[in-house]
Amino acid sequence: DSLTHLLTGRERARLSRVAERIGEMISSFFRGRLAVAFLKGLLLAIGLTLADMPYGFLFGMLSGALSIIPFVGALSGFLLTFAVGILDRGVIDSAWRAGLVFGVGVLVPKILGDRLGLHPLVVFFALLAGGAALGMLGLLIALPLTAALVILFQEFVSPALKQFADESG
């Protein structure tokens, strides 16, 4: 608010529009993330229970809760389910049962990317960069930050490049 008086009315409206788009996108992302985490946990819990894995419901819901951070929930849930399953079902049986159920969970990044309007490769590299730069926090904020950067590019850089191209040509 203290800096908005320095902007013209047109720029103030544009900045307000950009901030609103970013706010809506971040809000939508986290609401969606919580809903997906719960549904993924429920789906995994039911799948693991139907696959007759020990503690299937518990490990499925735990994996869903941990899936708020992309890939962490699926990986940790699979490893935990597989390790405990080995004691009850053996290596091969445990591997294919847990692998089948958790394999379905791999589709979630594609769904999230579509929801944010990001290509699956962008989702992958954003998560890779976020995790490398800031660890678990980076994994959590990588996708909303990337989507916000896309909005800023669309609003500020792309029009300037188009204007420059029109003036040069």
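Residues numbered from 1 in each chain as written. Predicted model: local features only at pLDDT ≥ 70, side-chain atom pairs only at ≥ 80, totals over all residues. Heavy atoms only, no water.

Participant: Got a minute to help me understand helix α6 (residues 120–168) in this structure?
Facilitator: Each turn of an α-helix holds 3.6 residues, which means side chains three or four residues apart point in the same direction. Taking 1.5 Å per residue, 49 residues should reach 72 Å; α6 reaches only 35 Å between its end C-alpha atoms and comes up short. Considering bend angle alone, the principal kink of α6 is centred on Leu134 and spans about 150°. (Helix = DSSP H or I, 4+ residues; strand = E, 2+ residues; numbered from the N terminus. Expected span 1.5 Å × (residues − 1). Bend = angle between axes of the 7 residues up to and from the residue.)

Participant: What exactly am I supposed to notice about a nonpolar patch on the surface here?
Facilitator: A surface patch of nonpolar side chains, about 740 Å² in accessible area, is lined by Leu7, Leu15, Leu145, Leu149, Leu152, Phe153, Phe156, Val157 and Leu161. Considering every element that reaches the nonpolar patch, the biggest residue donor is α6, with seven residues. Counting through the fold element by element, Leu152 comes out in helix α6. (Patch = residues over 30% accessible without salt bridge, like charges linked within 9 Å, V, L, I, M, F, W, Y side chains within 5 Å. Areas by Shrake-Rupley, 256 points an atom, 1.4 Å probe, with all protein chains shown as cover. Salt bridge = Lys/Arg side-chain N within 4 Å of Asp/Glu carboxyl O.)

Participant: Help me out: how do you make sense of the nonpolar core in this one?
Facilitator: Soluble globular proteins tend to pack their nonpolar side chains together in the buried interior. Ile22, Met25, Leu118, Val123, Leu127, Leu143 and Ile151 are the most contacted members of the largest nonpolar core, which has 15 residues in total. Mapped by element, the contributors of at least two residues to this core are α1 (9–50) and α6. Among the nonpolar cores identified, the runner-up in size contains eight residues, and Leu48, Phe59, Ala98 and Val101 belong to it. (Core = buried A, V, L, I, M, F, W, Y, C linked by side-chain atoms within 4.5 Å. Buried < 20%, exposed > 50% of the residue type's maximum accessible area, 1.4 Å probe, protein only.)

Participant: What is the right way to look at the packing of helix α2 (residues 56–66) against helix α3 (residues 72–89) in this model?
Facilitator: Each pair of packed helices can be summarised by the angle the axes make with each other and by the distance between the axes. Between α2 and α3, the shortest axis-to-axis distance is 7 Å and the interhelical angle comes to 160°. By the angle between their directions, the pair α2 and α3 is classed as roughly antiparallel. For the element pair α2 and α3, the recorded crossing hand is right-handed. Only Val72, Gly73, Ala74, Ser76, Gly77, Leu80, Thr81 and Val84 of α3 make contact with α2, whose side of the interface consists of Phe59, Leu62, Ser63 and Leu66. (Axes fitted to C-alpha atoms, helices over the stretch in contact; angles between N-to-C directions. Parallel < 35°, antiparallel > 145°, perpendicular 65-115°, else oblique. Left-handed = near helix turned anticlockwise from the far one by under 90°. Contact = heavy atoms within 4.5 Å.)

Participant: Before we go on, may I ask you to explain the pattern of salt bridges in this structure?
Facilitator: Pairs may arise between side chains of opposite charge once their charged atoms sit close together. Inspection of the entire model under this criterion finds seven salt bridges. Residues Arg14 and Glu11 are paired through a salt bridge, measuring 3.9 Å at the closest nitrogen-oxygen approach. Placement of both Arg14 and Glu11 in helix α1 is noted, with a separation of three residues, approximately one turn of the helix. Close ionic contact of Asp166 with Lys162 constitutes a salt bridge, the shortest N to O distance being 3.9 Å. Within this pair, Asp166 and its partner Lys162 are both found in helix α6, separated by four residues, close to a single helical turn. Overall, the relative accessible area of 55% leaves Asp166 in the exposed class.

Participant: What is the right way to look at the packing of aromatic side chains in this model?
Facilitator: A ring pair, where both rings are aromatic, is described by two values, the distance of the centres and the angle of the planes. Applying the stated criterion across every chain, the model contains four aromatic pairs. Centroid distance Phe29 to Phe30: 5.0 Å. Interplanar angle 80°. Geometry classified as edge-to-face. With relative accessibility at 4%, the residue Phe29 sits in the buried group. Relative accessible area serves as the criterion here: at 32%, Phe30 is assigned to the partly exposed category. On the numbers, 5.8 Å between centres and 5° between planes, the contact of Phe78 with Phe82 is stacked. Here Phe78 and its partner Phe82 are both found in helix α3, four residues apart, which amounts to about one turn of the helix. (Phe/Tyr/Trp six-rings, centres within 6.5 Å; stacked < 30°, edge-to-face > 60°.)

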